[in-house]
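# Structural features, examined
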Amino acid sequence: MFEKDRYCQMPNGYEETVRKGLSAVKRFSGQISYGNGSDREQMDRLKKELETADAIVIGAGAGLSTSAGFTYSGKRFERYFSDFALKYGITDMYSGGFYPFPDIETYWAWWARHIYYNRYVDAPKPVYARLLELVKEKD
């Protein structure tokens, strides 16, 4: 019971991570270059680069997944993890990854489901499909 009580005292890891990210954005926002020209000019320049490039390297973080609908809390979490939330008091997928489950079977039940819904189920929004469409003919 001690471990569960300790876990319940922990802050929501997902919200804490988002809060830290927003803090960093505020801190560095004055140092970010957003390019030159209007939005339309920048989009036209990007389109030309995509069309003429021999290869494309895409670097993306959690923001791309979030924009595709892979949220770790809220309705999506409730839909797929309500049993864990009810039994263990877990409030989001991120924090659940740190939960001290009572046995290895429950630990792997959590991770198998987590992996399935965040890797093998199509994203709720077509962000990845649209990105692939832009670069599918490139290395």
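Quick look at the structure, then.

## Brief notes about the overall build of the chain
- On a plain count of helices and strands, the chain comes out with 8 helices and 0 strands.
- Starting at the N terminus and ending at the C terminus, the chain contains elements arranged as α-α-α-α-α-α-α-α.
- In the chain, the share of contacts with a sequence separation of at least 24, taken over all contacts with a separation of at least 6, comes to 66%.
- For the chain, the exposed surface amounts to about 10700 Å²; the carbon and sulfur share of it is 56%.

## Side note on the nonpolar core
- Formed by Phe77, Tyr80, Phe81, Phe84, Tyr88, Ile90, Met93, Tyr99, Phe101 and Trp110, the largest nonpolar core amounts to 10 residues.
- Here this core gets 5 residues from one element, more than from any other, and that element is helix H5 (residues 74-88).

## Side note on a nonpolar patch on the surface
- Nonpolar side chains collect at one region of the surface, where Met10, Tyr94 and Phe98 lie side by side and expose about 310 Å² of accessible area between them.
- Among the secondary structure elements, Tyr94 is positioned in helix H6 (residues 93-96).

## Digging into the side chain of Thr106
- Mapping Thr106 onto the fold places it in helix H7 (residues 104-120).
- If we skip the residues at most four places from it in the chain, Thr106 touches Phe84, Tyr88 and Phe101.

## Structural notes on the packing of H5 against H7
- For the pair H5 and H7, interaxial distance at closest approach is 11 Å and the crossing angle is 170°. Put simply, H5 runs roughly antiparallel to H7. On H7, the residues that touch Arg76, Phe77, Tyr80, Phe81, Asp83, Phe84 and Tyr88 of H5 are Thr106, Ala109, Trp110, Arg113, His114, Tyr117 and Asn118.
- The residue makeup of the contact of H5 with H7, split by class, is 8 nonpolar, 3 polar and 3 charged.

Analysis parameters
- Residues numbered from 1 in each chain as written.
- Predicted model: local features only at pLDDT ≥ 70, side-chain atom pairs only at ≥ 80, totals over all residues.
- Heavy atoms only, no water.
- Helix = DSSP H or I, 4+ residues; strand = E, 2+ residues; numbered from the N terminus.
- Contact = heavy atoms within 4.5 Å.
- Areas by Shrake-Rupley, 256 points an atom, 1.4 Å probe, with all protein chains shown as cover.
- Core = buried A, V, L, I, M, F, W, Y, C linked by side-chain atoms within 4.5 Å.
- Buried < 20%, exposed > 50% of the residue type's maximum accessible area, 1.4 Å probe, protein only.
- Patch = residues over 30% accessible without salt bridge, like charges linked within 9 Å, V, L, I, M, F, W, Y side chains within 5 Å.
- Salt bridge = Lys/Arg side-chain N within 4 Å of Asp/Glu carboxyl O.
- Axes fitted to C-alpha atoms, helices over the stretch in contact; angles between N-to-C directions.
- Parallel < 35°, antiparallel > 145°, perpendicular 65-115°, else oblique.
- Nonpolar A, V, L, I, M, F, W, Y, C, P; charged D, E, K, R; others polar.

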